[in-house]
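Spelled out from the first residue to the last, the chains are:
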Amino acid sequence: MPGDNEGVTSTDPLAPRLPSPLEEIRDDRFARHGLRLLLKRDDLIHPDLIGNKWRKLAPNLEAARGRALVTFGGAYSNHLRATAAAGRLLGLPTTGVVRGQELAGRPLNPSLSRCAADGMRLHFVDRSTYRRKGEPETLAAILRAAGAEEAYVVPEGGSNAAAVRGCRALGEELRGRADVVAVACGTGGTLAGLAAGLATGQRALGVPVLKGGFLEHDTAALQNRAFGARTGDWSLDDRFHFGGYARTPPELDTFAKDFEQRHGLPVERLYVAKLLYGLVALAGEGAFARGTALAAVVTGRPFP
Ligand SMILES: *Cc1c(COP(=O)(O)O)cnc(C)c1O
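Per chain, residues are indexed from 1 in the order of the written sequence. Restriction of local features to residues with pLDDT of at least 70 applies here, the model being predicted, together with a cutoff of 80 or more for giving and counting side-chain atom pairs; totals for whole chains, interfaces and linings are based on all residues. Hydrogens and water molecules were not included; the side-chain quantities draw on all heavy atoms of the structure.

**A short note on helix H9 (residues 215–227)**
A helix here means a DSSP run of H or I that spans at least four residues, while a strand means a run of E at least two residues long, and both kinds are numbered starting from the N terminus. In this analysis, the expected span of each helix is defined as 1.5 Å times one less than the number of residues it contains. Its 13 residues place the ends of H9 17 Å apart at the C-alpha level, agreeing with the 18 Å of an ideal helix rising 1.5 Å per residue. Buried means the residue's accessible area, taken with a 1.4 Å probe over protein chains only, is under 20% of the maximum for its type, while exposed means over 50%, and partly exposed covers the values in between. Within the sequence span of H9, burial applies to Leu 215, Thr 219, Ala 220, Leu 222, Gln 223 and Ala 226. Buried residues of H9, seen end-on, are gathered within an arc of 155° and therefore sit on one face of the element. Seen from the buried face of H9, the exposed residues on the opposite side, beyond 90 degrees, are His 217 and Arg 225. Any two residues whose heavy atoms approach within 4.5 Å at even a single point are treated as in contact. Tucked inside the fold, the buried residues of H9 contact helix H7 (161–173), strand S7 (180–185), helix H8 (189–197), strand S8 (203–208) and strand S9 (234–236). Two residues or fewer after H9 comes Gly 228, characterised by a positive phi angle close to 85°. Throughout, the arc means the angular range of directions from the helix axis out to the C-beta atoms.

Right, dumping it as structure tokens:
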């Protein structure tokens with residue numbers, strides 16, 4: 001048909017750019033140890049559902065079949081922003097349950113403002129209730145109070161079995177392209193799917209950005225729910241969280257700015273900066289054999 005494939009033919013507002021680009025960069029801190037560094041640019045998948053957030057939300061949006069969405073997050077959650085954007089693009093009502101009752105009376109921070117501007121209804125809950133949202137009665141009470149009893153529930157960080165299976169494609173896109181694939185971890189959902197998608201002989205390395213050492217258990221549990229068993233070759237290095245979630249001390253910021261200047265890559269600070277810092281440190285320690293091709297997954301970009 002004439003006109004097909006001319007210009008923008010897709011009318012799907014969530015249409016992704018997949019597979020995401022894989023770019024090799026030249027960085028002496030790797031090259032001097034005989035290592036190649038590749039950037040897996042998941043930050044370019046979609047302008048509003050960035051990185052792993054697209055990979056995790058897309059299967060859930062399908063499962064929701066047009067129902068309203070409710071999900072959970074902290075005051076700077078990338079997942080809340082992605083969900084709000086999906087709601088705007090698809091015309092679905094969204095509710096965000098936000099950790100921290102004390103935020104309710106205050107002006108919204110830029111991240112929550114964006115959520116609200118995208119039409120998300122924000123419902124603030126105190127931290128102890130938020131922590132217990134996994135208990136069915138607590139969840140039911142939260143949804144009732146938020147007026148979201150009929151909504152499709154996407155868990156905190158978007159990581160459920162459907163999301164983990166969605167992230168398997170990230171690993172599949174990297175088959176034959178790298179020996180070690182590294183990713184920053186919040187819930188571990190992206191790592192769980194990535195590891196399952198890689199080929200035999202490839203391994204995944206997770207860099208937790210939260211303190212606590214719970215991700216070994218959580219990632220395995222997510223794989224059990226998504227695939228019925230622990231799957232693929234993966235491990236974690238718990239040394240690069242810089243004190244915990246959203247902790248970005250000056251040393252990390254200096255590192256990220258320098259990386260941006262060297263490579264022209266906007267470095268998201270809460271996750272991607274910690275990943276890249278960890279990889280530079282590991283390369284310096286001789287953690288990878290000469291000749292190893294490392295891929296770092298760029299899961300996000302700076303906000304705003
Ligand atoms: C959400 C997020 C992650 C963490 O993904 P998980 O699947 O929860 O481990 C990593 N990087 C960025 C930029 C994110 O926004």
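Alright, that's what it looks like, and here's the rest.
**A look at the nonpolar core**
Buried Ala, Val, Leu, Ile, Met, Phe, Trp, Tyr and Cys residues that are joined via side-chain atoms within 4.5 Å together make up what is termed a nonpolar core. If you look at the biggest cluster of nonpolar residues, it comprises 33 residues, and the most contacted ones within it are Phe 30, Val 267, Leu 276, Leu 279 and Phe 288. Elements represented by at least two residues in this core include exactly strand S2 (36–40), S7, S8, helix H10 (250–263), helix H11 (272–284) and strand S10 (293–297). At 8 residues, H11 tops the list of elements feeding residues into this core. Once you skip the residues sitting within four places of it in the chain, Phe 30 turns out to touch Leu 35, Leu 37, Leu 279, Val 280, Ala 283 and Leu 294. Core analysis: the second largest hydrophobic core is formed by 18 residues, Leu 174, Ala 195, Leu 198 and Trp 234 among them.

**Thoughts on the sheet that holds strand S3 (residues 69–73)**
Strands are labelled as partners when DSSP assigns at least two bridges between them. Here 4 strands make up an open sheet; going across it, the order is S5-S4-S3-S6 and the pairing parallel. Of all the strands in the sheet, just strand S5 (121–125) and strand S6 (152–153) have a single pairing partner and so form its edges.

**Considerations on the pairing of S3**
Buried residues dominate S3, accounting for 5 of its 5 residues. Side chains Leu 69, Thr 71 and Gly 73 project from S3 onto one buried face, and the interleaved Val 70 and Phe 72 project onto a second face that is buried too. Across 5 bridges, S3 lies against strand S4 (residues 94–99) in parallel orientation. Paired with Leu 69 across the two strands is Thr 94, which belongs to S4.

**A short note on the confidence of the model for the protein**
What pLDDT expresses is the predictor's confidence in each residue, scored from 0 to 100. With 97% of its residues at a pLDDT of 70 or more, the protein has an overall mean of 95. Per-residue pLDDT, averaged within each element of the protein, yields its smallest value for helix H5 (residues 127–131) (96) and its largest for S7 (99). Taken together, the stretch residues 1–7 has pLDDT below 50 and engages in 2 contacts with residues farther than four places along the chain or on a different chain.

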